[in-house]
Every structure is written in structure tokens, then in C-alpha cells.
2 protein chains.
Amino acid sequence: MTAQYKQTNTNGLTARNLNVAVVGGGLVGSLFALHLGKKGHTVDLYEYREDIRTAELVIGRSINLALSARGRKALAEVGLEDALLQHGIPMKGRMLHDLKGNRKIVPYDANTNQCIYSVGRKHLNEVLLDAAEKYPNIHLYFNKKLQSANLDEGEMSFIDPTTKESTHAKADLIVGCDGAYSAVRKEIVKRPGYDYSQTYIEHGYLELCIPPTKDGDFAMPHNYLHIWPRGKFMMIALPNQDRTWTVTLFMPFTNFNSIKCDGDLLKFFRTYFPDAIDLIGRERLVKDFFKTRPQSLVMIKCKPYNVGGKAVIIGDAAHAMVPFYGQGMNAGFEDCTVLTELFNEHGSDVDRILAEFSNTRWEDAHSICDLAMYNYVEMRDLVTKRSYLFRKKLDELLYWMLPNTWVPLYNSVSFSHMRYSKCIANRKWQDKILTRVLYCCSITAVAAAGYFGYKYGNMDLVQHYSSSVLQLLKLK
Amino acid sequence: MTAQYKQTNTNGLTARNLNVAVVGGGLVGSLFALHLGKKGHTVDLYEYREDIRTAELVIGRSINLALSARGRKALAEVGLEDALLQHGIPMKGRMLHDLKGNRKIVPYDANTNQCIYSVGRKHLNEVLLDAAEKYPNIHLYFNKKLQSANLDEGEMSFIDPTTKESTHAKADLIVGCDGAYSAVRKEIVKRPGYDYSQTYIEHGYLELCIPPTKDGDFAMPHNYLHIWPRGKFMMIALPNQDRTWTVTLFMPFTNFNSIKCDGDLLKFFRTYFPDAIDLIGRERLVKDFFKTRPQSLVMIKCKPYNVGGKAVIIGDAAHAMVPFYGQGMNAGFEDCTVLTELFNEHGSDVDRILAEFSNTRWEDAHSICDLAMYNYVEMRDLVTKRSYLFRKKLDELLYWMLPNTWVPLYNSVSFSHMRYSKCIANRKWQDKILTRVLYCCSITAVAAAGYFGYKYGNMDLVQHYSSSVLQLLKLK
């Protein structure tokens with residue numbers, strides 16, 4: 001084992017072995033522990049919950065996640081991509097359910113059929129922890145909740161939530177992977193001149209479940225992410241390995257609050273999701289809906305991510321986002337890739353590694369936070385619009401014609417490693433091109449109309465073209 | 001005095017007299033205490049500094065402020081507008097200094113010559129505190145720093161920073177007017193689902209001073225806000241009653257840090273502000289520049305502003321902004337007007353008053369925060385651009401032709417009481433109209449060219465127009 005991880009400490013740089021404390025043993029924490037362990041660093045991973053591998057199911061957190069290119073790459077770096085793809089369920093597009101229960105497929109990538117993968121959170125976390133445990137230089141500590149930290153000195157105090165016992169630790173580097181309500185970030189926010197924002201959306205979410213059919217099969221075509229887009233709100237469903245579906249209803253808290261009894265709920269479902277009642281089952285729907293309260297959704301942006309060369313935050317701790325692009329985990333995993341590449345490049349010059357990570361990564365993180373916010377509108381509303389579908393077809397055509405030049409937004413985010421900020425810039429550039437083409441066509445059309453109108457004495461033609469052009473301009 | 005303030009408790013509503021704690025005795029706190037005192041409420045004002053009327057000058061905070069329409073209205077409501085206008089120095093426009101020392105005037109309002117007023121912070125605060133002290137139902141407490149508060153119960157603990165003595169107080173309503181680093185807001189931010197952001201800009205500021213001439217006169221024409229716009233940074237100067245000028249240099253911290261000695265400083269000034277060296281005086285420039293460190297500039301946005309009917313934050317505590325629109329104080333004063341109008345409307349239904357204030361005000365506050373950020377670019381860079389000056393002239397013309405319809409952005413912000421959010425919407429509408437007009441003209445021009453080109457067999461004309469149109473479109 002020692003030989004195995006020593007091999008990867010490369011690049012001819014004399015890399016000092018660091019004593020790293022990873023705070024948070026969720027998806028990003030356990031993956032980054034693996035990345036660091038593989039490089040030969042000594043890693044102590046502190047998780048405030050009990051060991052998920054022996055624990056009951058965590059209530060209230062989303063059960064499945066959409067794994068795409070960025071996440072896959074970070075998993076591949078520690079040799080876990082294939083195992084997880086085999087477990088995951090590929091989703092090759094969105095399947096839209098209309099009010100009558102009719103279904104329509106909108107593929108993610110009509111040209112090359114790339115997929116995203118529905119993966120169970122618990123399974124993924126278990127695989128990562130199992131792999132981490134195999135490294136002799138990675139040590140896992142559960143029931144260790146960070147109480148306070150001196151980030152300049154690398155000192156931490158933990159408390160065991162069950163026994164109330166305190167422990168102290170010291171590290172060369174503290175990595176905060178402790179999620180949207182990060183205790184490590186709370187220490188960083190106190191520092192002067194720190195940029196920080198937390199934004200809650202007025203929508204909450206609540207999870208329901210579609211069981212397998214009597215024959216033990218999936219109740220719907222399982223290679224799709226199912227969406228019931230309803231304009232101001234929506235419901236989605238992702239397939240699980242056990243042939244159940246995790247259904248998530250997203251809508252304004254005011255709408256949740258207006259559903260007070262079984263009657264309200266069934267009326268609401270009969271109006272907006274009639275086909276889902278039979279899929280979920282009436283009894284189960286009522287039971288699950290009233291079992292938990294809707295959860296809130298927060299976006300967190302901040303910068304910088306580091307305190308000198310002593311501490312850094314990654315994953316949700318650095319950039320929590322709303323879940324509508326399926327990029328929360330992927331972005332957190334990509335943080336691991338980016339940091340690991342910087343470790344490869346700069347050896348153990350941690351000051352430089354963390355400064356460079358923070359300087360370049362915040363812009364991408366802010367970009368995906370914004371894209372995730374935008375995608376809620378796309379998923380719940382735009383997907384049903386003719387203009388959206390037209391643009392999607394146009395993008396597909398151009399992507400097919402110019403596969404290296406015209407990468408549509410969704411593809412660049414989910415199926416490429418293009419920097420998130422570049423994905424947005426790229427889309428803006430595409431919009432600009434299309435607008436220019438539109439105006440040039442308009443002007444040419446009117447000029448031609450003026451010309452031929454005069455030539456053939458047919459001024460109706462001029463009028464007709466002019467009004468078409470005005471129509472087009474109004475579309476802007 | 002009792003009779004005087006009882007009169008204003010009107011509207012036929014049975015207004016319960018409240019016991020209000022105003023935390024913060026700066027400009028907004030002392031003004032709002034006056035507003036409340038005038039309505040007959042019992043007001044305890046707690047200021048953590050000593051009484052500014054007997055204190056030494058506070059170092060490092062901006063000395064003078066630009067009073068405009070919104071601030072004037074709030075002062076007028078407590079009978080103080082005229083006194084302060086007489087003290088203030090009217091500024092009817094910007095006077096731009098170029099690299100050669102040439103000066104150019106850009107009026108704020110070429111049509112009606114409206115002015116903003118340079119007013120001293122200390123003087124204004126003193127006038128407000130003097131006026132507050134005259135009300136028997138307003139009590140001023142200095143050296144009371146808020147330590148903690150239970151906002152649901154209206155309970156507060158204060159500490160005297162000099163004697164370390166603790167005091168406790170209870171109120172029906174707590175009003176946080178304690179500035180950008182508000183202690184009241186710190187209590188509110190802890191509440192679940194709270195939206196909060198703090199953004200520091202990469203520029204700092206440092207204050208200098210231009211003394212009067214030997215004859216005791218202003219060293220520059222005094223009815224202008226002087227600007228030295230230099231693209232990436234700028235210097236401004238506002239006139240004071242004592243015929244000095246408060247000069248403020250805004251620039252990136254990296255530029256400040258690169259000036260390490262007298263030689264660096266003089267070289268920098270000779271390159272960018274040559275005419276200012278003599279105005280400030282070489283010796284004074286060096287002394288003042290190295291006396292203090294550049295201060296940082298923060299923008300704070302949050303919502304909601306209230307905790308039920310028990311607590312509310314206003315002024316910088318609710319919406320700190322960068323100083324480039326001269327609206328920080330004016331926006332805080334307008335908070336007082338808005339709240340007072342809600343008190344007039346809803347009697348002492350404080351729950352409703354605070355909820356309505358918070359629901360409507362945050363959007364305006366966020367708008368002026370954004371405008372202030374934008375205006376830095378305008379002041380330091382755009383003012384020197386031909387396109388900016390062209391648009392300004394066009395706006396002036398349209399404003400003159402359509403005084404009720406086409407109110408330019410600066411006028412709507414500084415010389416009207418239009419909601420800040422409406423000011424932005426209004427400007428966007430104007431931009432849209434102008435873009436449409438531009439495109440319609442382009443299309444008409446090309447159509448006409450096509451027509452006449454064919455008619456007279458002169459296709460050069462068509463080419464000429466077409467290229468003009470393309471030029472115009474590129475401008476977008």
C-alpha cells in the first residue's frame with residue numbers, strides 16, 4: 001500500500017508530506033481525503049455525524065444525485081469511476097409530463113447521446129469511505145464536531161455530540177468540506193474584508209417516493225430524469241438502484257403552506273400531477289407528504305477560499321448552490337481535481353497552491369451558482385416553451401455542424417471540463433452571434449423588399465417584410 | 001413642547017405611544033429619533049461613541065456628505081431642512097480636471113439647475129442631536145455599546161466602553177441605526193433563512209485636504225464637486241464651510257501599497273494629479289497621505305429588515321453602499337420618511353408597519369447599492385468618454401422636451417423621490433426606447449437606400465448606408 005501511494009508523488013518536485021485535517025466526511029471530504037492520501041499526505045478526516053456505513057438513513061437530505069463529467073473525472077483520479085458508473089443509472093434526457101400525463105423526451109445530447117448518472121448519496125459516500133479506509137495514512141474519526149479553530153495556527157477543537165467529550169488537534173493544513181453551514185467557513189467569514197453572501201430562495205422542497213411495480217420493475221422509463229414542469233413550480237423524479245424513484249416537489253413555501261390536509265393535497269395533485277397519484281400511490285403520497293416539513297434551499301457565495309497556506313474550504317462550504325443543474329456534487333468533486341492539479345504543479349508550496357486555487361476557482365463557483373439558479377426557471381417553465389425548444393434544436397444543429405466551436409450550454413456544463421465561467425461566456429457569445437445574424441437577416445430582408453417592391457411596383461411586399469421584421473425585433 | 005408633538009399624532013387612528021430604543025446616534029439614528037419623538041413616542045437613543053458635540057473629530061470617516069432631495073425631505077419633516085441648506089454649499093455640477101489641469105463643467109441638471117449640497121457630517125449630527133434633546137420624550141445615552149439583544153423580547157444589554165459598566169434595557173421596538181457593522185443586524189443575521197451579503201471592493205479611499213488660499217478664499221470654484229477621473233481610479237473634492245476642501249482619493253489597494261515613500265507619492269501625483277500638488281501643498285500632501293491607512297469600502301445587502309413588530313434596521317445597518325452616488329445618507333434618511341409615512345398610515349400596528357417597510361424597501365435599497373457601485377465606473381472613467389457625454393446631452397434634450405416622461409437617471413436619483421428601483425426600471429426603459437429607435441432608423445435608412453439606389457441606379461448609396469448601419473449596430 002505504501003508503495004502504491006508513493007508512486008503518485010511525482011513531477012520531480014520534492015513534495016513535503018503534509019499533515020492534513022479534512023473537516024467533514026461527506027462526499028467531497030471523503031473524496032478529497034482519498035486524493036490527498038493517494039499523494040502520500042497524512043490525512044485525519046473528522047466527521048460530525050456517526051459513520052454513515054453503520055447509520056440509519058439520513059432524513060431530509062436528497063437521496064440521489066446526478067453524476068456528470070466533472071464528478072466522473074475526480075472519481076477516475078482515485079480509480080473509482082467505473083465502479084460508480086456500474087452502480088449508477090444512466091439518464092439520457094429529460095422526460096416531460098404534461099397535465100394530461102402525456103410524456104415527451106428532450107435528450108440531453110441528441111448528437112452523441114451522453115448521459116448523466118443517477119447515483120445514491122449513501123452508496124457513493126460508503127464507497128469513498130471504504131476506499132479511504134484502505135490507506136494506512138488516512139484516519140477516519142466520526143462524531144467529531146468542530147467547535148472552534150485557530151486557522152492561522154492550524155488548531156482545532158472538536159466535541160463528540162453524544163459523549164460531549166472534547167478533543168484537540170493540530171494540522172499543517174485544514175480543509176473545510178463541511179457543507180453549506182460550514183463551521184470552518186464561519187471562522188473565515190470573521191476575517192476583515194471578507195466577501196460573503198447567503199441567499200435563500202422562496203421555494204422549498206419535499207421528497208416523495210414512487211415504488212416499483214408489482215412485477216418489481218421501474219414504474220416509468222428509467223433512463224430519464226422525469227420532470228413535471230408547471231411554470232411556478234415543478235416536480236422531478238430520479239431512478240434508484242432498487243427500482244424506486246425519488247420524487248422531489250419544488251415550490252414556493254406559500255404553496256406548501258396552503259396544503260393543510262389530505263383533501264388539499266389530493267386536490268392539488270389531481271390538478272397539477274394527476275398521473276403521479278397512481279405512480280406514488282394515494283396512501284403513500286399522503287403519508288410521505290405530511291411526514292416532513294419542506295426544506296429550504298440556499299445559495300452561498302464567498303471569497304477568498306483560503307487563509308494563507310493553512311486553511312481552505314471546498315465543496316458546499318465554499319459554494320452551496322440550489323440543486324437545479326445537478327452540479328453541486330460535481331462542482332465539489334471538481335474542486336478536488338483542481339486542487340490536486342495544483343499540488344502536482346507546485347509540490348508542497350501550499351501558500352501558492354491555496355492562493356491560486358482561491359483566485360481562479362471563485363469565479364467558476366459563482367458562475368455555477370448562478371447557472372443553477374437560472375436552471376430552475378428552465379426546468380419548471382422554459383422547457384415547455386416553443387422558443388426554448390427552437391433554440392435547443394438550433395443549438396443541436398450547430399453543435400453537429402461545429403462540434404468544437406458551438407458547444408451548447410448544457411453540454412459544456414455537464415459533459416465537458418470547460419471552466420464554469422467560460423460556459424457562461426460561451427453562451428453569451430453564442431447569443432450575441434445569433435442576435436447579430438437575426439438583425440442582419442432583418443435588414444437584408446427589408447432592403448430586398450424595398451428593392452423588389454419598387455422594381456415590381458408591389459409595395460405590399462415591402463409592408464409584409466417590414467412587419468415580419470418588426471415581429472422578429474419584438475422577440476428580442 | 002408636549003402640545004407641539006401631540007399635534008402630529010393624527011389620522012384619526014388611536015396611536016399607542018411606544019417605548020422605542022434607537023441603537024446608534026449617528027445621522028440616521030438621531031434623525032429617526034426626532035421623527036419618532038415628534039409623533040409622541042418615548043425614545044431612548046443609545047450611541048456607543050461619546051457625544052460627538054463634545055468629542056474630538058472622528059478620524060477616518062468621511063467628513064462631508066452630499067445632501068440631495070431625499071435627505072432634504074426627511075429633514076423638512078422635522079423642520080430642519082432650511083437650517084441645513086443654509087449651512088451647506090450648493091454644488092451644481094461636476095468639474096472635471098484633466099491631466100493638464102484643464103477643467104470642464106458637467107452640470108447635474110442643465111435644464112433647471114438643481115443642486116446637491118455639501119454638508120459637514122459633524123455639523124449635521126450636532127444639529128440633529130441638539131434638536132432631539134429639546135424633546136422631553138427623547139433621551140440620549142452615550143458610551144452605550146450594544147453587547148447582545150433578544151429581539152423577540154425587546155431586551156438589550158449595553159456596555160460602557162470606558163467604564164466597562166453594563167446596563168440593560170427593554171423596549172417595545174428596537175431600531176438598529178448602528179451602521180454598516182451593525183450589532184443589531186448581527187442578531188438578525190443568525191435567524192434561519194436570512195438573506196445577507198457583504199461585498200468589499202478592491203479599492204480603498206484616503207482623505208486629503210486643500211486649504212483656503214492666502215486671502216482665505218476657496219482654492220477652486222466652490223459650487224462644484226471636483227473630480228479627477230483617471231479610468232482605473234479617481235480623486236474627488238467637496239467644499240467645506242471653512243473654505244477648505246475634503247479631497248478623497250479612491251484607488252485599488254495594490255496602487256496604494258505601491259506608494260511607499262515621499263518620492264513615490266510625488267511622482268504619482270505629478271503623473272496623475274499635477275494640478276492638485278499646489279492646491280494641497282507638497283508638505284501637507286506627504287503628511288496627510290502617510291498619516292492614515294486607506295480605508296476599505298463595503299456594500300451590504302440583506303433582507304428582511306424586521307423581526308416581527310419588535311425590531312427593525314435602517315440606514316447603513318440595512319444597506320451599506322459604496323459612496324459614489326452620494327446616496328448613503330440620503331437613502332438612510334428616506335428610510336425615516338418611509339417608516340414615518342407607514343406610522344401615519346397604520347397607527348401603532350407595528351407588526352404591519354415593519355413588515356410593509358421591509359417588503360417594499362429592500363428592493364429600493366438593493367437598487368441604490370447597485371447604482372452606487374455602477375457610479376464609480378461613471379465617475380472615474382465614463383465621464384471622460386464621448387459616448388457618455390453624447391447620451392447625457394440627448395437625455396437633457398429629451399428631459400427638456402418631456403419633463404414628466406423622460407427623467408434622466410441622475411435626476412431621478414438625486415432630485416426626485418422616485419423609488420430607487422423605479423429609477424433603474426426607468427433607465428432600462430429609456431435604453432430600450434433608444435435602442436429601438438436606433439434599429440428602426442437603421443432599417444428605414446437601408447430600405448430607403450435600396451429604393452433610391454435602384455431608382456437612380458446608384459448602388460454606391462446602398463453600400464454607403466449599409467456600412468453606416470453596420471457601424472451603428474457595432475456600437476451596441
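Residues numbered from 1 in each chain as written. Chains lettered and ligands numbered in written order. Predicted model: local features only at pLDDT ≥ 70, side-chain atom pairs only at ≥ 80, totals over all residues. Heavy atoms only, no water.

Under an unreviewed UniProt entry, chain A has the name Kynurenine 3-monooxygenase and belongs to Aedes aegypti.

*Asks:* I'd like a rundown of the pattern of salt bridges, residues and numbers included.
*Replies:* All names here are of chain A. Across all of its chains, the model carries 50 salt bridges over all chains by this definition. A salt bridge links K303 to D195; the shortest N-O distance between them is 3.9 Å. Highlighted residues: K303 in strand β17 (residues 295–303) and D195 in strand β13 (residues 195–210), separated in sequence by 108 residues. Across the pair, D195 and K303 agree in class, each one buried. Between D370 and K301 there is a salt bridge; the shortest N-O distance is 2.6 Å. Linking D370 in helix α13 (residues 350–380) with K301 in strand β17, this pair joins segments that are 69 residues apart in sequence. Judged by its relative accessible area of 17%, K301 falls in the buried class. Overlapping salt bridges, with partners in common, bring together D51, R53, D130 and E133 in one network. (Salt bridge = Lys/Arg side-chain N within 4 Å of Asp/Glu carboxyl O. Helix = DSSP H or I, 4+ residues; strand = E, 2+ residues; numbered from the N terminus. Buried < 20%, exposed > 50% of the residue type's maximum accessible area, 1.4 Å probe, protein only.)

*Asks:* Residue-level account of helix α10 (residues 282–291) of chain A, with values.
*Replies:* Among the residues of α10(A), L285(A), V286(A), D288(A) and F289(A) are the ones counted as buried. Buried residues along α10(A) sit in contact with β13, β16 (245–252), α7 (253–258), α8 (262–272) and α9 (274–280) of chain A. (Contact = heavy atoms within 4.5 Å.)

*Asks:* Run through unusual backbone geometry, naming residues and quoting values.
*Replies:* Residue and element names in this part refer to chain A. For the peptide bond that leads from K303 to P304, omega is -5°, which places it in the cis range. Within the fold, P304 resides in the loop between β17 and β18 (306–307). Notably, N113 is not glycine yet its phi reads approximately 55°, a positive angle. Mapped onto the elements, N113 comes out in the loop between β6 (103–107) and β7 (116–120). Owing to a relative accessible area of 54%, N113 belongs among the exposed residues under this scheme. Of note in this structure, N143 is not a glycine but carries a positive phi near 55°. Considering the arrangement of structural elements, one finds N143 in the loop between β8 (138–141) and β9 (145–150). Classification of N143 as partly exposed rests on a relative accessible area of 22%.

*Asks:* Please give an account of the nonpolar core that cites residues and values.
*Replies:* Of all hydrophobic cores here, the largest spans 155 residues; its most connected members are M156(A), I314(A), F333(A), M156(B), I314(B) and F333(B). Those residues in contact with M156(B) that sit more than four places away from it in its chain are A21(B), V23(B), L146(B), S148(B), A149(B), T167(B), H168(B), A169(B), K170(B), A171(B) and I174(B). Judged by nonpolar contacts, the second largest core, of 37 residues, contains I201(B), M299(B), L409(B) and M418(B). (Core = buried A, V, L, I, M, F, W, Y, C linked by side-chain atoms within 4.5 Å.)

*Asks:* Which residues make up the domain arrangement of chain A, and what values go with them?
*Replies:* Residue and element names in this part refer to chain A. Domain annotation of chain A identifies domain 1 (19–371) and domain 2 (409–474). Taken together, the 22 residues of domain 1 in the interface contact 15 residues of domain 2. Interface of domain 1 and domain 2: buried area, both sides summed, is about 1700 Å²; carbon and sulfur atoms make up 56% of it. In terms of surface lost to domain 2, no three residues of domain 1 exceed R70, Y325 and D364, which account for 35% of the buried area on that side. On inspection of domain 1 and its partner domain 2, the count reaches one salt bridge. One salt bridge connects R419 with D364, and the closest N-O pair in it is separated by 2.8 Å. Where domain 1 touches domain 2, the interface holds 11 residue pairs in polar contact (both at pLDDT 80 or more). Elements with a minimum of two residues in the side of domain 1 that touches domain 2: α3 (69–76), α12 (328–346) and α13. (Domains from an automatic or database assignment. Buried area = accessible area lost by both parts, 1.4 Å probe. Polar contact = N/O pair within 3.5 Å; in protein donor to acceptor, adjacent residues only side chain to side chain.)

*Asks:* Outline helix α5 (residues 121–133) of chain A, listing residues and values.
*Replies:* Spanning 13 residues, α5(A) covers 18 Å between terminal C-alpha atoms, matching the ideal 18 Å at 1.5 Å per step. Within α5(A), burial applies to R121(A), L124(A), N125(A), E126(A), V127(A), L128(A), L129(A), A131(A) and A132(A). (Expected span 1.5 Å × (residues − 1).)

*Asks:* Which residues make up a nonpolar patch on the surface, and what are the values?
*Replies:* Residues and elements named next belong to chain A. Residues L397, W400, M401 and L402 make up a contiguous nonpolar surface patch of about 450 Å² in total accessible area. Tracing the backbone through its elements, the reader meets W400 in helix α14 (residues 386–401). Here W400 falls in the exposed class, since its relative accessible area comes to 62%. (Patch = residues over 30% accessible without salt bridge, like charges linked within 9 Å, V, L, I, M, F, W, Y side chains within 5 Å. Areas by Shrake-Rupley, 256 points an atom, 1.4 Å probe, with all protein chains shown as cover.)

*Asks:* I'd like a description of the sheet that holds strand β4 (residues 89–91) of chain B, backed by residues and values.
*Replies:* Sheet strands associate in pairs through backbone hydrogen bonding, adopting either a parallel or an antiparallel arrangement. Residue and element names in this part refer to chain B. With antiparallel pairing, three strands are arranged side by side in an open sheet as β3-β7-β4. The sheet terminates laterally at β3 (64–67) and β4, the two strands that pair on one side only. Averaged over all neighbouring strand pairs, the angle between strand axes comes to 35°, with direction disregarded. Pairing analysis gives three bridges linking β4 to strand β7 (residues 116–120), with the strands arranged antiparallel. Counterpart to P90 in the pairing with β7 is Y117. (Pairing = 2+ DSSP bridges. Axes fitted to C-alpha atoms, helices over the stretch in contact; angles between N-to-C directions.)

*Asks:* Which residues make up the packing of aromatic side chains, and what are the values?
*Replies:* One pass over the structure, following the stated rule, counts 43 aromatic pairs over all chains. Between Y108(B) and Y410(B) the ring centres are 4.7 Å apart and the planes differ by 5°, which places this aromatic pair in the stacked class. Taken as a pair, Y108(B) in the loop between β6 (103–107) and β7 and Y410(B) in helix α15 (residues 409–414) lie far apart in primary sequence, 302 residues in all. Comparing Y108(B) with Y410(B) shows no difference in burial state: the two are buried. By the ring-pair criterion, three or more aromatic residues cluster together here, those being F233(A), F268(A), F269(A), Y272(A) and F273(A). Between the NZ or CZ atom of R380(A) and the centre of the ring of Y376(A), over which it lies, the distance is 4.4 Å. The ring of W362(B) has K303(B) lying over it, and the distance from NZ or CZ to the ring centre is 3.9 Å. (Phe/Tyr/Trp six-rings, centres within 6.5 Å; stacked < 30°, edge-to-face > 60°. Lys NZ or Arg CZ within 6 Å of the ring centre and 35° of its normal.)

*Asks:* Got a sec to walk through the sheet that holds strand β11 (residues 166–170) of chain A? Specific residues and values, please.
*Replies:* Residues and elements named next belong to chain A. Pairing in this open sheet of three strands is antiparallel, and the strands run β9-β10-β11 from one edge to the other. The strands lining the two open edges of the sheet, one partner per strand, are β9 and β11. Strand-to-strand, the axes of this sheet are offset by a mean angle of 20°, without reference to chain direction. Taken together, the five bridges between β9 and strand β10 (residues 155–159) define a ladder with antiparallel strand orientation. Among the inter-strand pairings, S148 is bridged to a residue of β10, identified as S157.

*Asks:* Go over the confidence of the model for chain A with me, naming the residues and quoting the values.
*Replies:* Residues and elements named next belong to chain A. Considering every residue of chain A, the mean pLDDT works out to 90; 91% of them sit at 70 or more. Long-range and interchain partners of residues 1–14, a stretch whose pLDDT sits below 50, account for 25 contacts in this model, where long-range means more than four residues apart. Across the whole predicted complex the pTM is 0.83, and at the interface the ipTM reaches 0.76. (pLDDT = per-residue confidence, 0-100.)

*Asks:* Which residues make up the pairing of strand β1 (residues 19–23) of chain A, and what values go with them?
*Replies:* All names here are of chain A. Counting buried residues in β1 gives four out of five residues, a clear majority hidden from the surface. Sheet topology note: the β1/strand β2 (residues 42–46) ladder contains five bridges and is parallel. Note on β2: the bridge partner recorded for V22 is L45. A crossover connection joins β1 to the parallel β2 through helix α2 (residues 27–38); in handedness this β-α-β unit is right-handed. Relative to strand β12 (residues 173–176), β1 is paired through four bridges, and the arrangement is parallel. Across the sheet, the residue bridging to V23 is G176, located in β12. (Right-handed = clockwise from strand over helix to strand, strands pointing away.)

*Asks:* Outline the packing of helix α2 (residues 27–38) of chain B against helix α12 (residues 328–346) of chain B, listing residues and values.
*Replies:* Residue and element names in this part refer to chain B. Between α2 and α12, the least distance of the axes is 9 Å, while the angle of their chain directions is 20°. Considered as vectors, α2 and α12 are oriented roughly parallel to each other. Viewed along their axes, α2 and α12 form a crossing whose handedness is right-handed. Note on element contacts: α12 touches α2 through M329, G332, F333, C336, T337, L339, T340 and F343, opposite L27, V28, L31, F32, H35 and L36. (Parallel < 35°, antiparallel > 145°, perpendicular 65-115°, else oblique. Left-handed = near helix turned anticlockwise from the far one by under 90°.)

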